[in-house]
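Spelled out from the first residue to the last, the chains are:
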Amino acid sequence: AMGQNENHLPTPQTGELDHALAVRPRADLTAIVVFRVGGTWFGATADSVEEVLSGVAPMPIPLAPPHVSGVFPWRSNGLALVDLKGFFALQDDPSRPPAGEEILGRVVVVVADGIRAGIRCDQVEGVSEIPAAAFRSERCGTGRVRELCCDEVLQHERLILVLNLAALLGAARP
């Protein structure tokens, strides 16, 4: 059951990954939260992830750029909801409702350089501890991908793009 705030927006429930975000770090491992947008896997360092939410219904922002899906209530603030499809021209997930319809989705709340926002995603896999040797920053794509991702990791035969959150959230600002 979701609570209602005074603006009658659904208040997202606390995510199931809260306990996993308290991972005890080891010097040779980096904890990343792994999530999927469309058919692309992304990662964010666990220390930059504040919460994972489900049941988020964003309010649209008139004339917002394509990478901003709207705003949503979080604690006592309104946060921008960043859509990585707008940054990376990703294909839609066929199970996702068409643009313009209300979407109750999963959101990874992140913070970098004092900027806090939500990143919209289709699936959150969990926290993975990645050995330092597995990060391949020299192979991290070209163009926009290179600008907004700092590393890539090959895990279980799939590529995970590790986001440069400071660059991403800075680029998401109007």
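Data block above holds the structure.
Residues numbered from 1 in each chain as written. Predicted model: local features only at pLDDT ≥ 70, side-chain atom pairs only at ≥ 80, totals over all residues. Heavy atoms only, no water.

**Notes on the overall build of the protein**
Here is step 1: The helix and strand inventory of the protein stands at three helices and twelve strands.
Here is step 2: In the protein, buried positions account for 47% of the 174 residues.
Here is step 3: For the protein, contacts bridging at least 24 residues in sequence account for 59% of all contacts bridging at least 6.
Here is step 4: Put simply, the protein shows about 9200 Å² of open surface, and 51% of that area lies on carbon and sulfur atoms. (Helix = DSSP H or I, 4+ residues; strand = E, 2+ residues; numbered from the N terminus. Buried < 20%, exposed > 50% of the residue type's maximum accessible area, 1.4 Å probe, protein only. Contact = heavy atoms within 4.5 Å. Areas by Shrake-Rupley, 256 points an atom, 1.4 Å probe, with all protein chains shown as cover.)

**Points about the nonpolar core**
Here is step 1: Counting 30 residues, the largest nonpolar core has Phe35, Phe42, Leu84, Phe88 and Leu163 as the members making the most contacts within it.
Here is step 2: When residues no more than four places from it in sequence are discounted, the contact partners of Leu163 are Phe35, Phe42, Gly43, Leu84, Phe88, Ile119, Leu148, Cys149, Cys150 and Leu168. (Core = buried A, V, L, I, M, F, W, Y, C linked by side-chain atoms within 4.5 Å.)

**Regarding the sheet that holds strand 11 (residues 149–155)**
Backbone-to-backbone hydrogen bonds pair the strands of a sheet. The strands run either parallel or antiparallel.
Here is step 1: Across the sheet, five strands lie side by side as 10-3-4-12-11; this open sheet has mixed pairing. Both edges of this open sheet fall to strand 10 (123–131) and strand 11, since each of them pairs with a single strand only. The mean inter-strand angle of the sheet, taken between neighbouring strand axes irrespective of direction, is 35°. (Pairing = 2+ DSSP bridges. Axes fitted to C-alpha atoms, helices over the stretch in contact; angles between N-to-C directions.)

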